[in-house]
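# Summary of structural features
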Amino acid sequence: MRLTIVGSGDAFGSGGRFNTCFFLETAKATLLVDCGASSLVAMKAHGLDPDRVDGIVLSHLHGDHFGALPFLLLDAQFLARRERPLLIAGPPGTRARLDALLEVFFPRSTANAWRFAWEVKEIDVGRQTDVLGHAVTTTEVVHFSGAPSTALRISDGEKLFAYSGDTEWVDALVAVASGADLFIIECYGYSGRFNGHITWEVLKPRLPDLRAKRIMITHMNPSMLARQDEAKAVGALIAEDGLVLDI
Ligand SMILES: [Zn+2]
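### Examining the overall build of the protein chain
- On a plain count of helices and strands, the protein chain comes out with eight helices and 14 strands.
- Taken over the C-alpha trace, the protein chain has a radius of gyration of 17 Å; the compact-globule value for 247 residues is 18 Å, and the two agree within 12%.
- Seen through its principal axes, the protein chain has C-alpha atoms that stretch 50 × 35 × 35 Å.
- Relative to its full complement of 247 residues, the protein chain shows a buried share of 55%.
- A separation threshold of at least 6 residues defines the contact pool for the protein chain, and within that pool the share at least 24 residues apart is 62%.
- Carbon together with sulfur atoms contributes 52% to the accessible area of the protein chain, which is approximately 10,000 Å² in total.
- Computed over 24 positive and 30 negative side-chain charges, the inter-centroid distance for the protein chain is 2 Å.

### Brief notes about the sheet that holds strand 8 (residues 134-140)
- Read from one edge to the other, the open sheet built from seven strands follows the order 7-8-9-10-11-12-13, with strand pairing classed as mixed. Sheet topology places strand 7 (129-131) and strand 13 (237-238) at the edges, where each strand pairs with a single neighbour.
- Sheet analysis places strand 10 (residues 160-163) next to strand 11 (residues 182-186), joined by three bridges and oriented parallel. Its bridge partner lying in strand 11, Tyr163 is registered against Ile184.

### A few points about the pattern of salt bridges
- Under the definition given, this model contains 14 salt bridges.
- With a shortest N-O distance of 2.5 Å, Glu25 and Arg52 are connected by a salt bridge. Placement of Glu25 in strand 2 (residues 21-25) and of Arg52 in the loop between helix 1 (39-45) and strand 4 (55-57) is noted, with a sequence separation of 27 residues between them.
- Salt-bridge contacts for Arg115 lead to Glu83; the nearest nitrogen and oxygen are separated by 3.6 Å. Here Glu83 lies in the loop between helix 3 (69-79) and strand 5 (86-90) and Arg115 lies in the loop between helix 4 (94-105) and strand 6 (118-122), a separation of 32 residues in the sequence.
- Taking relative accessible area as the criterion, Arg115 reaches 31% and is therefore assigned partly exposed.
- The exposure class assigned to Glu83 is exposed, which follows from its relative accessible area of 64%.

### Digging into the coordination of the zinc ion
- Binding of the zinc ion to the protein goes through His60 (NE2), His62 (ND1), His143 (NE2) and Asp166 (OD), at separations of 2.2 to 2.4 Å.
- What the four donor atoms of the zinc ion show is an angle range of 86 to 170° at the metal, which sorts the shape as irregular.
- We note that the donor set of the zinc ion lies within a single chain, spaced as H-x1-H-x80-H-x22-D. With His60 in the loop between strand 4 and helix 2 (63-66) and Asp166 in the loop between strand 10 and helix 5 (172-177), this pair connects stretches of sequence that are 106 residues apart. Accessibility classification places His60 together with Asp166 in one group, the buried group.

### Describing the side chain of Ser145
- Note on placement: Ser145 falls in the loop between strand 8 and strand 9 (150-155).
- Within polar-contact distance, the side chain of Ser145 engages the side chain of Ser149 at 2.7 Å.

### Considering empty space enclosed by the protein
- Counted according to the given criterion, the structure contains one cavity of 30 Å³ or more.
- By volume, the largest cavity amounts to about 60 Å³.
- Along the walls of the largest cavity sit Pro50, Asp51, Leu72, Asp75, Ala76, Ala80, Arg82 and Leu86, which together make up its complete lining.
- Considered class by class, the residues forming the lining of the largest cavity number five nonpolar, no polar and three charged.

### Remarks on the packing of aromatic side chains
- Scanning the model with the defined rule gives eight aromatic pairs in all.
- Considering the side-chain rings of Trp114 and Phe116, the 5.9 Å spacing of their centres and the 80° angle between planes classify their relative orientation as edge-to-face.
- Trp114 gets classed as partly exposed once you look at its relative accessible area, which sits at 21%.
- Relative accessible area serves as the criterion here: at 4%, Phe116 is assigned to the buried category.
- Through a chain of ring-to-ring contacts, three or more aromatic side chains come together here, namely Phe22, Phe161 and Tyr163.
- The ring of Tyr190 has Arg227 lying over it, and the distance from NZ or CZ to the ring centre is 3.9 Å.

### Thoughts on the environment of Ile247
- Mapped onto the secondary structure, Ile247 falls in the segment after strand 14 (244-246).
- Considering only alpha carbons, one finds Ile247 and Asp181, 66 residues apart in sequence, at a separation of 6.3 Å.
- Ignoring sequence-local partners within four residues, the contact set of Ile247 consists of Met1, Leu3, Leu24, Lys159, Phe161, Asp181, Leu182 and Arg214.

Quick notes on the rules
- Residues numbered from 1 in each chain as written.
- Predicted model: local features only at pLDDT ≥ 70, side-chain atom pairs only at ≥ 80, totals over all residues.
- Heavy atoms only, no water.
- Helix = DSSP H or I, 4+ residues; strand = E, 2+ residues; numbered from the N terminus.
- Rg over C-alpha atoms; globule rule 2.2 N^0.38 Å.
- Buried < 20%, exposed > 50% of the residue type's maximum accessible area, 1.4 Å probe, protein only.
- Contact = heavy atoms within 4.5 Å.
- Areas by Shrake-Rupley, 256 points an atom, 1.4 Å probe, with all protein chains shown as cover.
- Lys, Arg positive; Asp, Glu negative; His and termini not counted.
- Charge placed at Lys NZ, Arg CZ, Asp CG, Glu CD.
- Pairing = 2+ DSSP bridges.
- Salt bridge = Lys/Arg side-chain N within 4 Å of Asp/Glu carboxyl O.
- Donors = N, O, S within 2.8 Å, 3.2 Å for Na, K, Ca; no water.
- Tetrahedral: all angles 85-135°; square planar, octahedral: opposite > 155°, others 65-115°.
- Polar contact = N/O pair within 3.5 Å; in protein donor to acceptor, adjacent residues only side chain to side chain.
- 1 Å grid on protein atoms, 1.4 Å probe; cavity = no way out; pocket = protein on both sides within 12 Å on 5 of 7 lines; lining within 4 Å.
- Points joined across faces, edges and corners; volume = space filled by probe spheres on them.
- Nonpolar A, V, L, I, M, F, W, Y, C, P; charged D, E, K, R; others polar.
- Phe/Tyr/Trp six-rings, centres within 6.5 Å; stacked < 30°, edge-to-face > 60°.
- Lys NZ or Arg CZ within 6 Å of the ring centre and 35° of its normal.

As structure tokens, this is what we get:
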């Protein structure tokens, strides 16, 4: 399993980073995990061909995690002239929110005669679901997005990738991380209180509970970006746009 970080930023482009998007080449297929608003631009900037993506798995329905889907679909339709099918998997409510997003950004786009087959698969929270041969299990976390916000575990049968999505600290993250070859966890702020997000002050004492082979921090705001060396000092990896990691 090989991870290329397309975007490791927060919603606001802090540090010049793109919105959340992970390009995951597995034993079964090529997946995107999240597809934030800037992700089509970011993929092209990193030389990653969107046509290689077989499926997209969404942690939750915020613009900085799924907002590029209209651009990705219309690029495939009109510019890339995609022929391969595409599967979009996300939490319950994904289909309706994606249709709304398409219509807001590009009216009548939901009525396109698509030149390639694409479909949405809504993943029941807590129930293992097959996504293109991967075992995907989601866990609901605490982060308001108008639909269940989830953490993800994705296994290709050889390696296990886990991701917190966006959330406050919840003890369920211990099980999400358990046994993962890589666990990516959001750490939005350094200290203080942020609704729906984790801070370093909260995460640091919990790190020993997270039994993943490697832990990587992402989605940092300016205060956390400025103190990222403190996370490195205790062995956490720091997500960077363009970073490639064999899991
Ligand atoms: Zn969010």
